Amino acid sequence: MASNNFFDNVEKQTKVNKDDIFKLAASVQNANLKDEKVLRQLIHQVAAMAGRQVPKEKEDQIVKAIINNNLPADLNTLGNMFKK
């Protein structure tokens, strides 16, 4: 199945278990992404899953971008935003 290959590749590249990715996606479905507290919890959860820390300045930028609907349209640009 193509989607399994996609998630297997994501798991291989990120070292994040695909079951954890699915659980995260399910928890986000009904989350209020305009609530700053919810966003910050989500950022911390994703960072913990990836074994990384997100500096406060970067967290603030991500929260502001999401709340103001200033997210990039493609995944490459979004990924680069997190790398900076």
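The structure reproduced in this document is the subject of the present report. Note that the coordinates shown come from a computational prediction; the quantities given were computed from them, not determined experimentally. (Residues numbered from 1 in each chain as written. Predicted model: local features only at pLDDT ≥ 70, side-chain atom pairs only at ≥ 80, totals over all residues. Heavy atoms only, no water.)

Glancing now at the overall build of the protein. Counting its regular elements, the protein contains five helices and zero strands. Seen in sequence order, the protein has helices and strands lined up from the N terminus as α-α-α-α-α. The buried share of the protein, taken over its 84 residues, is 18%. Carbon and sulfur atoms make up 53% of the accessible area of the protein, which totals about 6,500 Å². (Helix = DSSP H or I, 4+ residues; strand = E, 2+ residues; numbered from the N terminus. Buried < 20%, exposed > 50% of the residue type's maximum accessible area, 1.4 Å probe, protein only. Areas by Shrake-Rupley, 256 points an atom, 1.4 Å probe, with all protein chains shown as cover.)

Relative to the helices and strands, Glu 59 is located in helix α4 (residues 56–67). Reaching out from Glu 59, the side chain makes a polar contact with the side chain of His 44 at a distance of 3.0 Å. Ignoring anything within four residues of it in the chain, the contact list for Glu 59 reads Arg 40, Ile 43, His 44 and Val 54. (Polar contact = N/O pair within 3.5 Å; in protein donor to acceptor, adjacent residues only side chain to side chain. Contact = heavy atoms within 4.5 Å.)

For helix α3 (residues 36–50), which comprises 15 residues, the first-to-last C-alpha distance of 21 Å matches the rise-based estimate of 21 Å (1.5 Å per residue) to within 8%. Within the sequence span of α3, burial applies to Leu 39, Arg 40, Leu 42, Ile 43 and Ala 47. Burial along α3 is one-sided: seen end-on, the buried residues are contained in an arc of 160°. Away from its buried face, by an angle of more than 90 degrees, α3 presents the exposed residues Lys 37 and Ala 48. (Expected span 1.5 Å × (residues − 1). Arc of directions from axis to C-beta.)

Turning our eyes to something else, we now look at the pattern of salt bridges. Two side chains bearing opposite charge may form a pair once their charged atoms approach each other closely. For the structure on display, the rule yields five salt bridges. When the shortest N-O distance is used, the salt bridge between Arg 40 and Glu 59 registers 2.7 Å. In this pair, Arg 40 sits in helix α3 while Glu 59 sits in helix α4, placing the two residues 19 residues apart along the sequence. Using a relative accessible area of 18% as the deciding quantity, one classes Arg 40 as buried. Of the residues examined, Glu 59 reaches a relative accessible area of 7% and is grouped as buried. (Salt bridge = Lys/Arg side-chain N within 4 Å of Asp/Glu carboxyl O.)

Bringing the environment of Thr 14 into the picture now. Within the secondary structure layout, Thr 14 lies in helix α1 (residues 2–14). Spatially, the C-alpha atoms of Thr 14 and Gly 51 are 9.4 Å apart, while their sequence positions differ by 37 residues.

Bringing the packing of α3 against α4 into the picture now. Remark: α3 packs on α4, axes separated minimally by 10 Å, with the N-to-C direction vectors making an angle of 130°. Between α3 and α4, the angle is such that the two are oblique. Note on packing geometry: the crossing formed by α3 with α4 is right-handed. Two secondary-structure elements touch here, α3 through Glu 36, Leu 39, Arg 40, Ile 43 and His 44 and α4 through Lys 56, Glu 59, Asp 60, Ile 62, Val 63, Ile 66 and Ile 67. (Axes fitted to C-alpha atoms, helices over the stretch in contact; angles between N-to-C directions. Parallel < 35°, antiparallel > 145°, perpendicular 65-115°, else oblique. Left-handed = near helix turned anticlockwise from the far one by under 90°.)

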